[in-house]
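Chain and residue survey
This is what each chain is made of:
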Amino acid sequence: QVQLVESGGGLVQAGGSLRLSCAASRNILSSPYMGWYRQAPGKQRELAARITSGGSTYYADSVKGRFTISRDNAKNTVYLQMNSLKPEDTAVYYCNYYTFTADYWGQGTQVTVSS
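Below is a summary of the structure that appears in this document.

Conventions adopted
Residues numbered from 1 in each chain as written. Predicted model: local features only at pLDDT ≥ 70, side-chain atom pairs only at ≥ 80, totals over all residues. Heavy atoms only, no water. Core = buried A, V, L, I, M, F, W, Y, C linked by side-chain atoms within 4.5 Å. Buried < 20%, exposed > 50% of the residue type's maximum accessible area, 1.4 Å probe, protein only. Helix = DSSP H or I, 4+ residues; strand = E, 2+ residues; numbered from the N terminus. Contact = heavy atoms within 4.5 Å. Disulfide = S-S within 2.5 Å. Pairing = 2+ DSSP bridges.

Another point: the nonpolar core. Core analysis: the largest hydrophobic core is formed by 29 residues, its most contacted members being L4, W36, L80, M82 and Y93. At the level of secondary structure, the elements contributing two or more residues to this core comprise β3 (18-24), β4 (33-39), β5 (46-52), β7 (67-72), β8 (77-82), β9 (91-98) and β11 (109-114). The residues touching M82, leaving out its near neighbours within four places in the chain, are G16, S17, L18, L20, R66, F67, Y93 and V111.

What follows is the structure in structure tokens.
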């Protein structure tokens, strides 16, 4: 089992910034990749950003150039720096720890961007 604890969500005005953190109970290098997903009301959960154990990153087109995913292996923590936030970024953001045998999810943290 892997426990993931997210933090850093909140209410921010459009154009503002937030930094999400995801602390894992297991060595994050044991996961081929970790990601941040988001789910807006009435919509399916979607991948926002992902980072591999080697440090390669992937971003959804909707967040490219505004969001940055990073990791601190010593702290077993993954971050999502979100800049130039838009109202359409409003969602619950979930941290994901992928393994070949299971997916682990955090409880989610709410991000609300007001116009």
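All right, on to the environment of S114 then. Tracing the sequence through the fold places S114 in strand β11. For S114 and C95, which are 19 residues apart along the polypeptide, the C-alpha to C-alpha distance reads 23 Å. Discounting chain neighbours no more than four positions away, the residues touching S114 are L11, V12, Q13 and A14.

Going through the model one piece at a time under the given rule, you end up with 1 disulfide. With a sulfur-sulfur separation of 2.0 Å, C22 is cross-linked through a disulfide to C95. On the S-S bond that ties C22 to C95, the torsion sits near -80 degrees, and the link is left-handed. Remark: C95 occurs in strand β9 and C22 occurs in strand β3; sequence separation between them is 73 residues. For the pair C22 and C95, a shared accessibility class is recorded, and that class is buried.

All right, on to the pairing of β9 then. Across the 8 residues that make up β9, a large majority, 7, are buried. Pairing between β4 and β9: 6 bridges, direction antiparallel. If you follow M34 over to β9, its bridge partner there is Y97. As paired elements, β9 and strand β10 (residues 103-105) share 3 bridges and run antiparallel to each other. Counted as the bridge partner of Y97 is Y104 from β10. In textbook terms, the turn of a hairpin is the stretch between consecutive antiparallel strands, and for β9 and β10 this stretch comprises 4 residues.

Nothing here speaks to function; it is all geometry.
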